[in-house]
Amino acid sequence: MYHVDAGAQSKTYEGQPVYLLDAASTLEVQALNQWIDSTTPDGETRPPSIVLFGESAHQIVETVRTVGDDPLLVPLRVTLTEKKRNGLLRRMFAPRGNSKPTRVWQRWVQGDDPDRSEVLIGAPATLTELETRFDRTGGKSLSSFICRQATLALDKAERDVIGSEYKIPRFVVEDMTEQKKFHDGIAELAAEVGESVADVNRRVHEILHEMVATETRRAVEMWGTLGAYFSRAYRVDVDRTDLAKVRELNKNYPLVFLPNHRSYLDPLVLRPALLTEGLPLNHVMGGINVGFWPLGPIAKRSGVVLIQRKFSDEIYKWTLRQYMSFLLGKRFNLEWYIEGGRSRTGKLRPPRFGLLTYLVDALESSDAEDVYLVPTSITYDRLHEVGAMAAESHGAQKQAEGIRMLIGYIRAQGKLRGNVYLTFAEPISVRSILAENDDKRVAVQKIALTVAHAINDTTPVTPAALVTMALLGIEDRALNVHEMWAIISPLARYMQKRGLPTAGGVDISEVDVVRSAVVAQVNAGVVKRFDDGPEPVFYLAQDKHLVAAFFRNNAIHYFVMRAIGELVVLPDRDQTEASTPESMWKAALELRDLLKFEFFFGDKKDFGQRLEAEVALIDPDWRDNLADPEYAARQIEMQDLHLAHRVLQPILEAYQVVADQLLLLPVDAELDKPSFIAQCLGAAQARRLRQQLDHSEAISGELFDTALQLADNRKLVDPGGENLAQRRRDFAREINEWARKARVIRDMAHRMLDDVDPLNVPGPMAGDTVSDESGDEVR
């Protein structure tokens, strides 16, 4: 009869106990044996003990069988609680995970305070129970299996002491590769790729060595420290509305967090926020391009899975699926960035299907009942690296990831201060979508688009987005406070009607909020202030248009349908007949197709409902007045809100450049994409200097690239197509007509500003001062 009292666990077992010591040093072995001696009742024989992973570890089974018919195996470990492990140096150098403590550290702790350490008891199991579990795995070594199970039991018990952030997988490669189904899978894979089993097995182990995250507690803490240092320029605002549901789901299901990708800081900002909410450490699926020293080794040891950015190797694909299946079966949470890379424009990029496909395959082959996806929005109101990304869009070479880039990035974080907002959408069941779609490819696409829409719908509108939207829409003109408010106030009312989320829940209709946002952009160098006139005026800094567009584009998806509504109700240049609902719908679908590589639209039914709701906001009686060709233009001009030129005109102007450059390309010539983009950049800059483009942000390699995607989708790029020259001309005319309509809206907005009443501005007036968070003042 043996009684175990391990904290909350208290249970009596039959059978002779055998202690399994998870000890990293002689000192720990001595401490554990002293504990066994002290807890053995007087008059009873001291139970035997075996050191896990020691010289006799491979003989555990033979040793314990000598004790009795069905001995009870009790894991023991020396651990330190967070409360006792105080002091920065002790936290940094204390032993973590599999790391072996130094003799200096042991003497320091023992000599300073021997009570710092305590003995941890893992959940016991009989030899028969362990043999039954082992038989289910089809493994090769029962002794190795017992060692791993004892360590995992101790890890689980230890998390109750040190916290869930240390829920880290152990012996991943061993657990995976000792399974019978793993060996069967390698044999099938070898036959499929036409290689020997030995060669495939060797390649799989090489991939796992490169890929598998080998977490240790020390690295987890170090990564958290680095994250706090890297992101020290930000105040993190977490919307906890849906996190309670997420946390509850995680009790029974693995989770996959799918954030948008704006910055290198994203995983460093997200991790502590989730840990604070009691969620365990995520396995972050990251590109191997960040595997450089010293960041890569630290990242890998703290939960980052380093995978190749592009791969077509069937062995690599199979290995990745096996690893993901292992993680899902053990209910570890995953995290990756569904866009595949950082957004250069601020808009959500099209989702990548690759990892989602592997996730679906892994779910089908794992023991997990389901997996839930958590669409996550990360939104910054200021961001250091946007300037570099904007330069790349103007043709500059991307700086390679490496130690030099890392040092510059760290330094830059100390020079900037802003806010980052974390919001979470309703979790999505993968099983439910798979059940609705027999075709797996269709299911994966539906999952990806559902996640993308959810991220957009939960992204909050920041004051920075509204300020930059106001200035970009009228970029050649400086604005005073009254004019700025005349643009933003209608936007705020529109957002309230739509019930759009705002960053930090602030009231964007408050003039002080807008003023503080202007100051923040001035401090960031995106906006300039001129004080030598009768009143301060604000304007976009030179060459900062793409930087400003990045912050506006964080929220641009909320305003696209309104902008489309403004354009489709305007008559065409050569239109002679009155518009009809059918003609407007046809025009809307044409514009939807033109913009399909820029924005995520729902299906035609959803698109139609949203469009009709937007047009009704402009004029509820629009259907009754379609017979008057001039009615629509008059109604739009009467509005105090104009969005088409702020949202769509820069895109249409960039598309104009690409369409015109295609006209210059001989129909029998192959397109050299880098050379073509360079030509577009030069042509766009020349047009802007000649004021043939209204928006400097139209000079964008990113926009030229999506325009080329559209042209290629319409088979206008490759040479030799039927009637190619005429179809290219039709393409250019279509874009030019939409751009003309956007300029009509822009002229309306200019005229509205000319009539701004300076007395119709709430809050402090020019001459008063308002301070932002940093203490800077704006009059």
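Our structure's up above, just so we're on the same page.
The model shown is predicted, which means the values in this text are computed figures rather than measured ones. (Residues numbered from 1 in each chain as written. Predicted model: local features only at pLDDT ≥ 70, side-chain atom pairs only at ≥ 80, totals over all residues. Heavy atoms only, no water.)

**Some thoughts on the overall build of the protein**
Next up, step 1: Counting its regular elements, the protein contains 32 helices and 19 strands.
Next up, step 2: For the protein, buried positions account for 54% of its 779 residues.
Next up, step 3: The contacts in the protein between residues at least 6 apart in sequence include a share of 77% that link residues at least 24 apart.
Next up, step 4: Of the roughly 34900 Å² of accessible surface on the protein, 49% is carried by carbon and sulfur atoms. (Helix = DSSP H or I, 4+ residues; strand = E, 2+ residues; numbered from the N terminus. Buried < 20%, exposed > 50% of the residue type's maximum accessible area, 1.4 Å probe, protein only. Contact = heavy atoms within 4.5 Å. Areas by Shrake-Rupley, 256 points an atom, 1.4 Å probe, with all protein chains shown as cover.)

**Describing unusual backbone geometry**
Next up, step 1: With phi around 60 degrees, Arg331 is a residue other than glycine that occupies positive phi space.
Next up, step 2: Relative to the helices and strands, Arg331 is located in the loop between helix H14 (314-329) and strand E12 (334-335).
Next up, step 3: The class of Arg331 is partly exposed, set by a relative accessible area of 33%.
Next up, step 4: One non-glycine residue, Asp543, adopts positive backbone phi at about 65 degrees.

**Some words on the packing of aromatic side chains**
Next up, step 1: Counted by the stated rule, this structure contains 10 aromatic pairs.
Next up, step 2: Taking 5.3 Å as the distance between ring centres and 70 degrees as the angle between the ring planes, the aromatic pair formed by Tyr234 and Tyr380 counts as edge-to-face. Placement of Tyr234 in strand E8 (residues 234-238) and of Tyr380 in strand E13 (residues 372-380) is noted, with a sequence separation of 146 residues between them.
Next up, step 3: You can call Tyr234 buried: its relative accessible area is 10%.
Next up, step 4: With a relative accessible area of 1%, Tyr380 lands in the buried category.
Next up, step 5: With a centroid separation of 6.0 Å and an interplanar angle of 45 degrees, the aromatic rings of Trp585 and Phe607 are classed as tilted. Here Trp585 is found in helix H25 (residues 581-594), whereas its partner Phe607 is found in helix H26 (residues 604-618), with 22 residues between them in sequence.
Next up, step 6: Among the residues examined, Trp585 registers a relative accessible area of 32% and is labelled partly exposed.
Next up, step 7: Each member of the aromatic cluster is reached from another via a ring pair, and the members are Trp585, Phe599, Phe601 and Phe607. (Phe/Tyr/Trp six-rings, centres within 6.5 Å; stacked < 30°, edge-to-face > 60°.)

**Observations regarding the pattern of salt bridges**
Where charged atoms from two side chains of opposite charge come close, those side chains can pair.
Next up, step 1: Applying the stated criterion across every chain yields a total of 41 salt bridges.
Next up, step 2: When the shortest N-O distance is used, the salt bridge between Arg202 and Glu206 registers 3.0 Å. Here Arg202 and its partner Glu206 are both found in helix H9 (residues 197-211), four residues apart, which amounts to about one turn of the helix.
Next up, step 3: When its relative accessible area of 45% is taken as the criterion, Arg202 is described as partly exposed.
Next up, step 4: Residues Asp705 and Lys673 are paired through a salt bridge, measuring 2.4 Å at the closest nitrogen-oxygen approach. Taken together, the residues span a long stretch of sequence, with Asp705 in helix H31 (residues 701-713) and Lys673 in helix H30 (residues 673-689) at a distance of 32 residues.
Next up, step 5: Overall, Asp705 belongs to the partly exposed group, its relative accessible area being 22%. (Salt bridge = Lys/Arg side-chain N within 4 Å of Asp/Glu carboxyl O.)

**Here's the deal with helix H10 (residues 217-230)**
Next up, step 1: Taking 1.5 Å per residue as the helical rise, H10 with its 14 residues ought to reach 20 Å, and the 20 Å between its terminal C-alpha atoms agrees with that figure.
Next up, step 2: When we look at burial in H10, the residues that qualify are Arg217, Ala219, Val220, Glu221, Trp223, Gly227 and Phe230. (Expected span 1.5 Å × (residues − 1).)

**Remarks on the pairing of strand E17 (residues 537-540)**
Next up, step 1: Here strand E16 (residues 527-530) pairs with E17 via four bridges, running antiparallel. Residue pairing in the sheet places Val527 in a bridge with Leu540 of E17.
Next up, step 2: The loop that links E16 with its antiparallel partner E17 comprises six residues. (Pairing = 2+ DSSP bridges.)

**With respect to empty space enclosed by the protein**
Next up, step 1: Tallied over the entire structure, the rule returns five cavities of 30 Å³ or more.
Next up, step 2: In this structure, the largest cavity encloses a volume near 190 Å³.
Next up, step 3: Around the largest cavity sit 18 residues that line it, and Val569, Trp622, Leu626, Tyr631 and Ala632 are the ones nearest its centre.
Next up, step 4: Secondary structure elements with two or more residues in the lining of the largest cavity: H26 and helix H27 (631-638).
Next up, step 5: When residues in the lining of the largest cavity are grouped by element, the largest group, four residues, is from H27. (1 Å grid on protein atoms, 1.4 Å probe; cavity = no way out; pocket = protein on both sides within 12 Å on 5 of 7 lines; lining within 4 Å. Points joined across faces, edges and corners; volume = space filled by probe spheres on them.)

**Things to note about the nonpolar core**
Next up, step 1: Counting residues in each nonpolar core, the largest one holds 139 residues, and the members touching the most others are Phe424, Met484, Phe559, Ile564, Leu567, Leu648 and Phe704.
Next up, step 2: Contacts of Phe424, omitting those with residues within four sequence positions, involve Val238, Asp239, Asp242, Leu243, Phe257, Leu270, Leu274, Val374, Pro375, Thr376 and Thr458.
Next up, step 3: With 53 residues, the next largest nonpolar core counts Phe182, Leu189, Leu258 and Leu334 among its residues. (Core = buried A, V, L, I, M, F, W, Y, C linked by side-chain atoms within 4.5 Å.)

**Some words on H30**
Next up, step 1: In this model H30 runs 24 Å from its N-terminal to its C-terminal C-alpha over 17 residues, within 8% of the 24 Å that 1.5 Å per residue would give.
Next up, step 2: Those residues of H30 not exposed but buried are Phe676, Ile677, Cys680, Leu681, Ala683, Ala684, Arg687 and Arg688.

**Things to note about the side chain of Asn480**
Next up, step 1: As for its position among the elements, Asn480 is in the loop between helix H20 (463-472) and helix H21 (481-498).
Next up, step 2: In contact with Asn480, not counting residues within four places along its chain, are Glu535, Pro536 and Val537.

**Some details on the pairing of strand E11 (residues 304-307)**
Next up, step 1: The alternating pattern of E11 places Val304 and Leu306 and Val305 and Ile307 on opposite faces, both of which are buried.
Next up, step 2: Note that strand E10 (residues 283-287) and E11 share four bridges and pair parallel. For Gly286, the partnering residue across the bridge sits in E11 and is Leu306.

**Some details on the environment of Arg728**
Next up, step 1: As for its placement among the helices and strands, Arg728 is situated in helix H32 (residues 724-754).
Next up, step 2: For Arg728 and Leu716, which are 12 residues apart along the polypeptide, the C-alpha to C-alpha distance reads 6.3 Å.
Next up, step 3: Arg728 has contacts with Leu662, Leu663, Leu665, Pro666, Val667, Leu716 and Val717, leaving out every residue within four places of it along the chain.
Next up, step 4: A distance of 3.3 Å separates a polar atom in the side chain of Arg728 from the backbone oxygen of Val717. (Polar contact = N/O pair within 3.5 Å; in protein donor to acceptor, adjacent residues only side chain to side chain.)

**Quick look at the environment of Leu643**
Next up, step 1: Considering the arrangement of structural elements, one finds Leu643 in the loop between H27 and helix H28 (644-647).
Next up, step 2: Judged by relative accessible area, which is 0%, Leu643 ranks as buried.
Next up, step 3: Filtering out sequence-adjacent residues up to four positions away, Leu643 remains in contact with Met469, Leu491, Phe559, Arg562, Ala563, Glu566 and Leu648.

**Describing the packing of H27 against H32**
Next up, step 1: For the pair H27 and H32, the least separation of the axes is 9 Å and the interaxial angle reads 40 degrees. Considered as vectors, H27 and H32 are oriented oblique to each other. Crossing hand, H27 versus H32: right-handed. On the side of H27, the interface is formed by Ala633, Ile636 and Glu637, while H32 contributes Ile745, Met748 and Arg751.
Next up, step 2: Grouping the amino acids of the contact of H27 with H32 by side-chain chemistry returns four nonpolar, no polar and two charged. (Axes fitted to C-alpha atoms, helices over the stretch in contact; angles between N-to-C directions. Parallel < 35°, antiparallel > 145°, perpendicular 65-115°, else oblique. Left-handed = near helix turned anticlockwise from the far one by under 90°. Nonpolar A, V, L, I, M, F, W, Y, C, P; charged D, E, K, R; others polar.)

**A word on the packing of H14 against helix H15 (residues 354-365)**
Next up, step 1: Relative to each other, H14 and H15 sit at 60 degrees, their axes nearing to 8 Å. Considering their axes alone, H14 and H15 lie oblique with respect to each other. Here the hand of the crossing between H14 and H15 comes out right-handed. Side by side, H14 and H15 meet where Lys317, Leu320, Arg321, Met324, Ser325 and Leu328 of the first sit next to Leu355, Tyr358, Leu359, Asp361, Ala362, Leu363 and Ser365 of the second.
Next up, step 2: Residues of the contact of H14 with H15, tallied by class, amount to eight nonpolar, two polar and three charged.

**Details of the side chain of Arg746**
Next up, step 1: Structurally, Arg746 is set in helix H32.
Next up, step 2: When sequence neighbours within four positions are dropped, the list of residues in contact with Arg746 reads Gly473, Ile474, Glu475, His645, Gln649, Asp694 and His695.

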